[in-house]
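Notes for the structure review
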Amino acid sequence: MDVFASVFRTPRPPVAIVGAGAVGRALALRLAEKGYPVRAVVSRTRARADVLARAVGAPVSSTHLEDIPRDVALVLLCVPDDQMPDVAEMLTGVRLDWPNTVVAHTSGAVPSSVLEALDAEGAAVLSFHPLQSLTRDDGAEALEGAYVGLEGPPRGVAAGIELAVGLGLRYVVIPAEAKPRYHLAATMTSNFLVTLLGMVQEVLASLDIDRRDGLAMLEPLLRGTLDNLAARGPEEALTGPVVRGDLDTI
């Protein structure tokens, strides 16, 4: 933590959020809730920047990186993966105290090395990926109990650990070479489940059960299955005909 303290001069450093989508919104709201002063929200869409800035009390709402206040000590890049290198390069033109600034991107797939332009300026860089499924309507509570995946040089990871603790989140440190497998696991958990339930809705629709009604009907079963998984793990969470060995039913 001494490395972190040498980067952030205050326990709750001033923050700029770049990107006002689902992840940017949830993190900005969580930061504000936990006492971090959000100084600026920058987005390609001015309307989104304005809405989020009002929600977190940020005095700056803009579509231009150059408007980030000079006292900002933490920049969170919540932009699409393929935009990360370009945004990092553009940020080098912003007059911040880079050796005393942490820059984190929120991608689960790409490594912190995409921020090499800012690393060269002396900033502490890292990947700070909330391991949660987020929508544009989610608030700070959506991150409650979530993990964040941290990856980067030691200085950046130390900063990420302190930030995660400050936000009341759990964390796991991922080596750069393992990020594709980490992201695969996250994608399989979230997207595959959504796809599977979409297929289940189709099966129930063939029984003339409305898609929404079908999902509501299955929700207790789904929650019970998730509870079993959390308590026992996949090996012991199976129930029904598979466990009973009812081969004819299967």
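Residues numbered from 1 in each chain as written. Predicted model: local features only at pLDDT ≥ 70, side-chain atom pairs only at ≥ 80, totals over all residues. Heavy atoms only, no water.

1. Details of a nonpolar patch on the surface
- Together, Leu131, Tyr147 and Val172 line one region of the surface with nonpolar side chains, adding up to about 220 Å² of accessible area.
- Counting through the fold element by element, Tyr147 comes out in strand β7 (residues 147-151).
- You can call Tyr147 partly exposed: its relative accessible area is 34%. (Patch = residues over 30% accessible without salt bridge, like charges linked within 9 Å, V, L, I, M, F, W, Y side chains within 5 Å. Areas by Shrake-Rupley, 256 points an atom, 1.4 Å probe, with all protein chains shown as cover. Salt bridge = Lys/Arg side-chain N within 4 Å of Asp/Glu carboxyl O. Helix = DSSP H or I, 4+ residues; strand = E, 2+ residues; numbered from the N terminus. Buried < 20%, exposed > 50% of the residue type's maximum accessible area, 1.4 Å probe, protein only.)

2. Structural notes on the sheet that holds strand β6 (residues 124-130)
- In spatial order, the strands read β3-β2-β1-β4-β5-β6-β7-β8; together these 8 strands make up an open sheet with mixed pairing. Sheet topology places β3 (60-62) and β8 (170-173) at the edges, where each strand pairs with a single neighbour. Neighbour-to-neighbour, the strand axes of the sheet open up by a mean angle of 20°, direction not taken into account.
- Sheet analysis places strand β4 (residues 74-77) next to strand β5 (residues 102-105), joined by 4 bridges and oriented parallel. When the bridges of β5 are listed, Leu76 appears paired with Ala104.
- Set on the sheet, helix α2 (residues 22-33) makes contact with β1 (15-18), β2 (38-42), β4 and β6; between it and β1 the angle comes to about 165°. (Pairing = 2+ DSSP bridges. Axes fitted to C-alpha atoms, helices over the stretch in contact; angles between N-to-C directions. Contact = heavy atoms within 4.5 Å.)

3. Focus on the pattern of salt bridges
- Counted under the stated rule, the structure contains 6 salt bridges.
- Asp71 is the partner of Arg39 in a salt bridge, and the nearest nitrogen-oxygen pair spans 2.8 Å. With a gap of 32 residues between them, Arg39 in strand β2 and Asp71 in the loop between β3 and β4 connect regions that are remote in the sequence.
- With a relative accessible area of 26%, Arg39 lands in the partly exposed category.
- The class for Asp71 is partly exposed, based on a relative accessible area of 40%.
- Put simply, Arg30, Glu33 and Glu144 are held in one network by salt bridges that share partners.

4. Remarks on the confidence of the model for the protein
- Per-residue confidence for the protein gives a mean pLDDT of 90, with 92% of residues at or over 70.
- Across residues 1-5, confidence stays below pLDDT 50; counting only partners more than four residues off in sequence or on other chains, it has 9 contacts. (pLDDT = per-residue confidence, 0-100.)

5. Details of the packing of helix α7 (residues 179-205) against helix α8 (residues 211-232)
- For the pair α7 and α8, the least separation of the axes is 9 Å and the interaxial angle reads 120°. On the basis of the axis angle, α7 is oblique to α8. The two elements α7 and α8 meet at a crossing, and its hand is right-handed. Judged by residue contacts, Leu193, Leu197, Gly198, Val200, Gln201, Glu202 and Leu204 of α7 engage Arg211, Arg212, Gly214, Leu215, Met217, Leu218 and Leu222 from α8.
- For the contact of α7 with α8, the residue count by class is 8 nonpolar, 3 polar and 3 charged. (Parallel < 35°, antiparallel > 145°, perpendicular 65-115°, else oblique. Left-handed = near helix turned anticlockwise from the far one by under 90°. Nonpolar A, V, L, I, M, F, W, Y, C, P; charged D, E, K, R; others polar.)

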